[in-house]
Amino acid sequence: MKKPRFLMTDPAHYEVTYSINPWMQPDLWAADVEGSRAAAHAAWQKLKETLTQAGAEVVEAPGAAGLPDMVFPSNSAVVLDGRALVSRFRHSERQPEAERFLDVFRGLGDRGLLSEVEQLPEGLTQEGEGDCVWDPARQLFWAGHGPRSSRDAADYVARFFDATVVPLELVAPHYYHMDVCLMPLEGGEVLYFPPAFTSEGQAELRSRVEPGQLIEVAEQDAQALAINAVNVGRNVVLAAGAPRLCEQLSERGYTPLEVDLTPFIQSGGASFCMTLRLDWERG
Ligand code: ARG
C-alpha cells in the first residue's frame, strides 16, 4: 500500500517573535531562547518519528530566517489530485512565506510529487489547509473563514478543484484556523469543538455528518490543540494532554499517538498544521 505523504518544514528558523493569534507569547520564548530552540527541535523530531512509525512518509522543506511560521506548512496550500493552490496570508508577518512555498512546491513538481502549482489570485485571502480540510469519506472540503481566510476564497477553491467546499464561519479567537477545531477522520468521523462555530455552521455540520459520526471534543482537549491531529490509517498523531479525546478515538478503533508539542502550541499550532498532506487523491 502507498504511504500517505506529508510535507514538514525544517524547524531551524522557528521562533515566536510576533503575535498574530492569542496563543503566541514572544516574551515566553525570549525568556529562554536557547532552551526554547532546543525543545522545539526535539519536539519536531519526535513528531516526524511518530508520523513515520504511524506509516507515513515525510518530505522536508527548508525554512527561512525571519519567517518562523513556515514550520506550519498546512497553511501554505490546499493540495488535491497533485494540484497545489498556494495561499495568500492575512498578516504581513506571514505574507512573504507564499513566495518561499511557491519555490518549495515547484521543486516538488520537478520531483514528480505534484503536477500543478498555482497561487490564489490577489485580493483573496486563504491560509491553505489551515482553513480548508479534505474529508476523504465525504469527498469534500470543509472551509473555515473569518479570522484568516475570506469567505469568497472558498468559492475560488471550489472552482479550482471542481469540488464541493462547505464554508464554516469561525467565531472564537483561540480557534482562528479551522484545523484547530475540526478534523475529519478516514473512517468518516468528524471531530469538532462546537463553540468555535456559529449556530448556522453547527447546523451545517449536523446536516452533513451522521449523528454517530460527529464527535464533540471537550474544551480541555480542544485547548490542548489535540483536534489539530494527523490521521494515518487507524493511527491518529496528536498533541499530548487530551485524555478524553484519546479515549474517544480508542473507543472507535483508532490508536492515539501522543506527542508533546508544547513549543509549537506556544505559537498556536500542533501536529496537523506542522504537516501538509501531499497525496490526497479523489476516490
Ligand atoms: N503562528 C502561526 C499563525 O498564527 C500558527 C499557525 C498554526 N497553523 C494552524 N493551521 N493552526 O499563523
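Scroll up a little and you will see the structure.
Residues numbered from 1 in each chain as written. Predicted model: local features only at pLDDT ≥ 70, side-chain atom pairs only at ≥ 80, totals over all residues. Heavy atoms only, no water.

Participant: For this particular structure, what's the right way to read unusual backbone geometry?
Facilitator: Most peptide bonds are trans, and most residues other than glycine sit at a negative phi. One non-glycine residue, Gln139, lies in positive phi territory at about 55°. Within the secondary structure layout, Gln139 lies in the loop between β6 (132-135) and β7 (140-145). Even without a glycine there, the phi angle at Leu225 is positive, about 60°. Checked against the element boundaries, Leu225 lands in the loop between α6 (219-223) and β12 (230-232). Taking relative accessible area as the criterion, Leu225 reaches 0% and is therefore assigned buried. (Helix = DSSP H or I, 4+ residues; strand = E, 2+ residues; numbered from the N terminus. Buried < 20%, exposed > 50% of the residue type's maximum accessible area, 1.4 Å probe, protein only.)

Participant: When you look at helix α3 (residues 97-110) in this model, what are you seeing that I'm missing?
Facilitator: Compared with the 20 Å implied by 1.5 Å per residue over 14 residues, the 20 Å span of α3 between its first and last C-alpha is a close match. Those residues of α3 that fall on the buried side of the exposure criterion are Glu97, Ala98, Phe101, Leu102, Val104, Phe105 and Leu108. Buried residues in α3, looked at end-on, bunch into an arc of 165°, giving them a common side. Set apart from the buried face of α3 by more than 90 degrees, the exposed residues are Glu99 and Asp110. The inward-facing, buried residues of α3 contact β1 (5-9), β2 (57-61), β3 (77-80), β4 (83-86), β5 (116-119) and β15 (276-277). After α3 finishes, the residue Gly112 shows a positive phi value of roughly 80°. (Expected span 1.5 Å × (residues − 1). Arc of directions from axis to C-beta. Contact = heavy atoms within 4.5 Å.)

Participant: Explain the pairing of strand β8 (residues 165-169) to me, please; I cannot follow it from the model alone.
Facilitator: Regular strands show a simple pattern: their side chains alternate between the two faces of the sheet. Two elements, β7 and β8, share 5 bridges in a ladder whose sense is parallel. Each bridged residue has a counterpart across the sheet, and for Phe141 the counterpart in β8 is Val165. The handedness of the β7 to β8 crossover, carried by helix α4 (residues 151-161), is right-handed. (Pairing = 2+ DSSP bridges. Right-handed = clockwise from strand over helix to strand, strands pointing away.)

Participant: Which parts of the structure should I look at to understand the sheet that holds β5?
Facilitator: The strands making up a sheet associate through backbone hydrogen bonding, with each pair oriented either parallel or antiparallel. Read from one edge to the other, the open sheet built from 3 strands follows the order β3-β4-β5, with strand pairing classed as mixed. Single-partner strands in this sheet number two, and they are β3 and β5. Geometrically, the sheet is characterised by an average inter-axis angle of 15° between neighbouring strands, direction not taken into account. Pairing geometry for β4 and β5, over 4 bridges, is parallel. Paired with Arg83 across the two strands is Glu116, which belongs to β5. Each of β3, β4 and β5 is contacted by α3, which is oriented at about 170° to β5, the strand it contacts most. Strands in contact with α4 are β3, β4 and β5; relative to β4, the strand with the most contacts, it is inclined by about 160°. (Axes fitted to C-alpha atoms, helices over the stretch in contact; angles between N-to-C directions.)

Participant: Mind showing me how you'd approach the pattern of salt bridges here?
Facilitator: Pairs can form between side chains of opposite charge once their charged atoms are near each other. For the coordinates displayed, the defined rule picks out 17 salt bridges. Residues participating in the shared-partner salt-bridge network are Glu15, Glu34 and Arg37. (Salt bridge = Lys/Arg side-chain N within 4 Å of Asp/Glu carboxyl O.)

Participant: It is not clear to me how the packing of aromatic side chains should be interpreted in this structure. Could you clarify?
Facilitator: For any pair of aromatic rings, the description rests on two quantities: the centre-to-centre distance and the angle between the ring planes. All told, the structure shown has 11 aromatic pairs when counted by the stated rule. When the centroid spacing of 5.5 Å and the interplanar angle of 50° are considered together, the rings of Phe141 and Phe161 count as tilted. One end of the pair, Phe141, is in strand β7; the other, Phe161, is in helix α4, and 20 residues separate them in sequence. Residue Phe141 shares its accessibility class with Phe161, and that shared class is buried. (Phe/Tyr/Trp six-rings, centres within 6.5 Å; stacked < 30°, edge-to-face > 60°.)

Participant: Explanation requested: the site of the ligand in the structure shown.
Facilitator: Around the ligand sit 18 residues in total, of which Asn21, Asn75, Arg94, Arg148 and Asp179 are the nearest. Note that an oxygen atom of the ligand is positioned 2.7 Å from one of the side-chain N or O atoms of Asn21. Contacts to the ligand include Ser267, whose side-chain N or O atom sits 2.9 Å from a nitrogen atom. In the complex, 100% of the free accessible area of the ligand, which totals 350 Å², lies under the protein chains. Of the residues that constitute the shell around the ligand, the class distribution is 6 nonpolar, 8 polar and 4 charged. (Near = heavy atom within 4 Å. Polar contact = N/O pair within 3.5 Å; in protein donor to acceptor, adjacent residues only side chain to side chain. Areas by Shrake-Rupley, 256 points an atom, 1.4 Å probe, with all protein chains shown as cover. Nonpolar A, V, L, I, M, F, W, Y, C, P; charged D, E, K, R; others polar.)

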